[in-house]
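Examination of the molecular architecture
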Amino acid sequence: MKKILAIFLVGALSLGTKVKADEGMWLLSLISQLNYADMQAKGLKLTPEQLYSINNASMKDAIVSLGGFCTGEIISGEGLMLTNHHCGFDAIRTHSTVENDYLTDGFWAMNRAEEKSNDGLYVRILLRMEDVTDKVMAEMTDEMSETERASVAKKIGAALAEEATKGTKNKGLVKNFFHGNEYYLFIYEQFDDVRLVGAPPSSVGKYGGDTDNWMWPRHTGDFSMFRIYTAPDGSSAAYAEENIPLNPRHHLPVSIDGVKDGDFTMVFGFPGSTDRYLSSHGVQQAIDKYNPTTVEIRDLKLATMRTYMEADDATRILLASNYAQTANYWKYYIGQTEQLKNNGVYDKKKAIEDEFISWVNADAARKATYGETLDLLAKGYASTDPTVVSGRYLFEAGIIGPQSTVYAWRMDRIMGMYFETKNGIKAAQKAAETDEEKEKVASDAATKMERLLGAAQAQTEEHFGEYHQATDVALIANLWEMYYKNTSSEQQPSFFTNVIAKKYKGDFTAFANGLVEKSIFVDKTRMMEFLAEPNEKAYSKEELNVASAEMLGMYFASEEANAEAGQNLDKGYRLLTAGLREMNPDKKYAPDANSTIRMTYGTVGSYYPKDGVFYDYYTTIEGIMQKEDPNNDEFVVPAKLKELYMNKDYGQYANTDGQMPVCFISNNDITGGNSGSPVINGNGELIGCAFDGNWEAMSGDVFFETKLQRTISVDIRYVLFIIDKYAGAGHLVDEMTLVKTASVKKASVEEMPTEEATN
Ligand code: ARG
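Mapped onto the elements, Asn35 comes out in the loop between helix H2 (31-34) and helix H3 (36-42). Here Asn35 is in contact with Trp26, Leu30, Met599 and Tyr601, once residues within four sequence places are set aside.

Position of Ile287 among the secondary structure elements: in helix H11 (residues 280-311). Sequence separation between Ile287 and Asp313 is 26 residues, and the spatial gap between their C-alpha atoms is 37 Å. Beyond its immediate stretch of four places on either side in the chain, Ile287 contacts Pro292, Thr337, Leu340 and Lys341.

The next point concerns the state of the cysteines. Note: disulfide means a covalent bond formed between the sulfur atoms of two cysteine side chains. The full count for this structure, using the stated rule, is one disulfide. Disulfide pairing places Cys70 opposite Cys87 at an S-S distance of 2.1 Å. The sign of the -75° torsion about the S-S bond sets the Cys70-Cys87 disulfide as left-handed. On the criterion of sequence distance, the pair formed by Cys70 in strand S3 (residues 70-74) and Cys87 in helix H5 (residues 85-95) is long-range, its members being 17 residues apart.

Taken together, His86, Lys206, Gly209, Asp210, Asn213, Trp214, Asn328, Ser675, Phe691 and Asp692 form the complete shell of residues around the ligand. Asn213 has a polar side-chain atom sitting 2.7 Å from a nitrogen atom of the ligand. Considering the ligand on its own, with 350 Å² of exposed area, one finds that the protein chains cover 93% of that surface. Residue assignment for the shell around the ligand shows that the elements contributing at least two residues are helix H10 (209-212) and strand S21 (686-693). For the shell around the ligand, the residue count by class is two nonpolar, five polar and three charged.

Next up on the list: unusual backbone geometry. Going from Trp216 to Pro217, the amide bond is cis rather than trans, its omega being 0°. Along the polypeptide, Pro217 turns up in the loop between H10 and strand S11 (224-230). Of note, Ser595 is a non-glycine position whose phi angle comes to about 65°, a positive value. Of note, Ser595 is situated in the loop between helix H26 (563-583) and strand S15 (598-603). When its relative accessible area of 31% is taken as the criterion, Ser595 is described as partly exposed. Residue Lys648 is not a glycine yet carries a positive backbone phi of 45°. Relative to the elements of secondary structure, Lys648 occurs in the loop between helix H28 (639-646) and strand S19 (661-666).

Next up on the list: the packing of helix H20 (residues 469-486) against helix H22 (residues 508-518). Two numbers describe how H20 lies on H22: the axes approach to 9 Å, and their chain directions differ by 150°. On the basis of their axis angle, the class for H20 and H22 is roughly antiparallel. Here H20 and H22 pass one another in a crossing that is right-handed. Judged by residue contacts, Gln469, Val473, Ile476, Ala477, Trp480, Glu481 and Tyr484 of H20 engage Phe508, Thr509, Phe511, Ala512, Leu515 and Val516 from H22. Classifying every residue of the contact of H20 with H22 gives 10 nonpolar, two polar and one charged.

Right, let's talk about the pairing of S3 for a bit. The buried fraction of S3 amounts to five of the five residues, a majority that puts the element mostly inside the structure. Side chains Cys70, Gly72 and Ile74 project from S3 onto one buried face, and the interleaved Thr71 and Glu73 project onto a second face that is buried too. Pairing of strand S2 (residues 63-66) with S3 involves four bridges; the strand directions are antiparallel. Paired with Ser65 across the bridge in S3 is Thr71. In textbook terms, the turn of a hairpin is the stretch between consecutive antiparallel strands, and for S2 and S3 this stretch comprises three residues, one of which, Gly67, has a positive phi near 60°. Across two bridges, S3 lies against strand S4 (residues 80-83) in antiparallel orientation.

Below, the discussion takes up helix H21 (residues 494-503). Inspection of H21 places Phe495, Phe496, Val499 and Ile500 among the buried residues, and these make up the whole buried set. Buried residues of H21, viewed axially, fall in a sector of 115°; they line one side. Two residues or fewer past H21, Lys505 is found with a positive phi of approximately 55°.

It is worth spelling out the packing of helix H17 (residues 388-399) against H20 at this point. Between two packed helices, what matters for the description is the angle formed by their axes and the separation of those axes. H20 packs onto H17 with a crossing angle of 170° between their chain directions and a minimal axis gap of 9 Å. When the axes of H17 and H20 are compared, the pair comes out roughly antiparallel. The handedness of the crossing between H17 and H20 comes out as left-handed. Of the residues in H20, those in contact with Ser390, Tyr393, Leu394, Ala397 and Gly398 of H17 are Leu479, Trp480, Met482, Tyr483 and Asn486. When its residues are assigned to classes, the contact of H17 with H20 shows seven nonpolar, three polar and no charged.

Quick notes on the rules
- Residues numbered from 1 in each chain as written.
- Predicted model: local features only at pLDDT ≥ 70, side-chain atom pairs only at ≥ 80, totals over all residues.
- Heavy atoms only, no water.
- Helix = DSSP H or I, 4+ residues; strand = E, 2+ residues; numbered from the N terminus.
- Contact = heavy atoms within 4.5 Å.
- Disulfide = S-S within 2.5 Å.
- Near = heavy atom within 4 Å.
- Polar contact = N/O pair within 3.5 Å; in protein donor to acceptor, adjacent residues only side chain to side chain.
- Areas by Shrake-Rupley, 256 points an atom, 1.4 Å probe, with all protein chains shown as cover.
- Nonpolar A, V, L, I, M, F, W, Y, C, P; charged D, E, K, R; others polar.
- Buried < 20%, exposed > 50% of the residue type's maximum accessible area, 1.4 Å probe, protein only.
- Axes fitted to C-alpha atoms, helices over the stretch in contact; angles between N-to-C directions.
- Parallel < 35°, antiparallel > 145°, perpendicular 65-115°, else oblique.
- Left-handed = near helix turned anticlockwise from the far one by under 90°.
- Pairing = 2+ DSSP bridges.
- Arc of directions from axis to C-beta.

So, to be careful, I would describe these as geometric facts and stop short of saying anything about function.
This is the structure we're talking about:
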C-alpha cells in the first residue's frame, strides 16, 4: 500500500504543474499537530522533536534572525553562519573602499583574525514560544475599540515578556497573529558580535542584477558568510577581541547529494510580512494607486542615484545598499501589480468574500458576530482611497526619497529638547529659592544639554557615514519637484509654495543648490561646527529643518486623520480572519508573516510560467556562460569562474552528469525576511539557501499561487564550489559537516547526524 502511494506521488510530482504548492508559513510549536503527517508523507524523515524542541537540541537552534531583516543558518560547530549576499550586502559595503572593493572583488577571511566585526549587527535564536492568547485576551472586551485592544495587548505583552526574561540577557516579544485573534510569546537569545567571514564578488553574488531579480531561471550565487561570537563563557557579548566562536546547540549538516524534482524541502526562517487576508478593496487600491505611484517615484530616485554612482567609484560603493534596497522593491511593486492582474487576484478575493457573506447571512448568530465585516472594510478603503497617492508622494518622495529629510527631523527632536532645556534655565532659577538650588538647576541643565549634544553628534556621524551630498541635493530637487507637480497644493507642505515657489521662483534646483551653499544638514563639517556652539536663531531659519518638520508633521497628522479608517480596517480584518477560519473548520490556515520564525514545507518542482513554456527546476553554470555580457556589469563573468568552467574543475560539487548546478526552485511559501533561509531535505541536511521568489507569482504575498509559486535557492553545491574552488577558502568547507550518502543509500531517522555525531 505504502509503495503504491509512493509511486503515485512520484508520478504526480514529475508532471511539473501538478505539484501542489504548499501554502503556509507555519508556527514551529504547532508542527506536530498541524503539519507533521503531511510532511512525513512528502518525505520528511525526522521526528517533530528534531524540528522543534524546548528541552533538546533541535533544528530551530541552527536558525537565526539576522538583524531582524534576514535569516541565517549555523553550519558548523564553530558558529559559522550562512546567509544571502544581499543580506550581507551592507556589511560588505561598509568594509569596502575604492582600494579594497569587496563588493566588486569579494572578501574571504583566511583565518579567524581576518574576520570583520560589524557595528550594530546582531542575530537572534529562538529558545521557546508560547501561546498567550488567553492571557492577553482576558482583559479585552467586545466593547473596546481596536486601539484599546491594541494597547491592552501591548501592556500585557510587555509584562509577559518581562516576566519571561527577568534576570537573563534574553529578549522576549509578544506578537499578534491572525489579525488580532491570537497572541504568542517568543523568547530569543541574542548575540551582538557577528563577523563577516566571506562574500563572493557581486559578479557571482548578484549575478544578473536587477534584470534577473525576482525571476527564474536564475544563475546567482546569492550567499555570504558570517561567524557568531560569544563571550569566553559562551554568553552573549558585544564585540571584544577575547570573544570566542559560538558553540551552537545544533548546526545543519550539509548534503552534497543534490536535489531532484519532487524531493521534499523545508525552509525555516523569519518571513517579514504577508497580506493573505487582504480584501478585494485592498487589491484594487494596490493596483490603481499604491503600487504605480511608488514605482513612478522610485524610477526617478534610481535614475538620479545612477547619475552620481556611475560617475564615481567611491559614490557607487557608498550608495550601493541604498540603491539595491530601493531597486529591489521598485521591481517588486512592478511585478506585484502585473501579477495581481494576471492571476485575477481581485476576482479570487471577491469570490471568497461572496462566499463569506452567504455563510454569514445563513445564520442569525453569525450575522450578529460578523455582519458588519465587509462594510467595515469597504468603508475603511473608501475613506483612505483619496489620499493614497498623495500619501505616497509625501512618504516616498518627500520623506524617504532624499537622505536629509529624516536626518533633519531626527536632529530636530534632539535640538528641540536642547534649546528647550537651555531656554528653561532662567525661569527654573527664578523659581528656585536658594543659591544652591539655582546652581543645581544650572548644572542639571548643563548635563542634559551635553548629553543631547552627544546624541546629536552620534546621529551626525552615523548619517554622514553613508551620505553623498550631490546625490542628496539632486534627490531633493527632483523628487520634491515631482511631488509638487503631481499633487494638489493642500496635499503638499506649504513650504513648497511659501518658500520654493516664492523665494526660488519654483526652481527646485536653485533651492537645492542653495542648501549646498549654506545648510548645516548637508555638510558634516558645518553641522559639527554648529553643534560646537548651537545658535537657535540660525537653526530655526534652516530651510531643510522647516521643510522636514512640516512633512513629518503632515505624515503623523495623516495617521491621525485616518484613525477612524484604521479602526474600521483593523476590526474588519480581525472579524474576516476569524470568520473565514470558522467557515472552513477543516482548512488549515497559517497566520500572515510577522517577522517571527516559521517553517514552510513542500517539494522541488519545475513549472509552466505560461502556456507552452516549461521551466526546469534547476540551472547550471552553462546558463551563466549563456547570459555572459562583458559590456553589461550585471552579466560580467569573473575570469577565474570562466577558467574553472573551461576546465570543468568542479571537484566533488558537480552533479551526476558532471555539471555544476547553480540554483533550484521548490514550492515553499516564503517572503522578504526569509532571504538567507536554509532549504533542508528530509534528513535535516542543508541543500540550498533561499534568496528570491519568481516573477509569475509576484502577487504571492497577497494570494498564494498554487500552480506557479516558487522559492528560488542557490544550490549548496554551488556555494561550496565558490568557497572552495573559486575563493580558495576550503578551510571553511572543512569545518562543516559534509554528508554524501551516494545516490543508492538514503539516511534513515536514526542516521540523522545528532549533536554528538556532528560536532
Ligand atoms: N528579490 C530578492 C529578495 O527580496 C533580493 C534579490 C537581491 N538581488 C538583486 N539583484 N537585487 O529577497
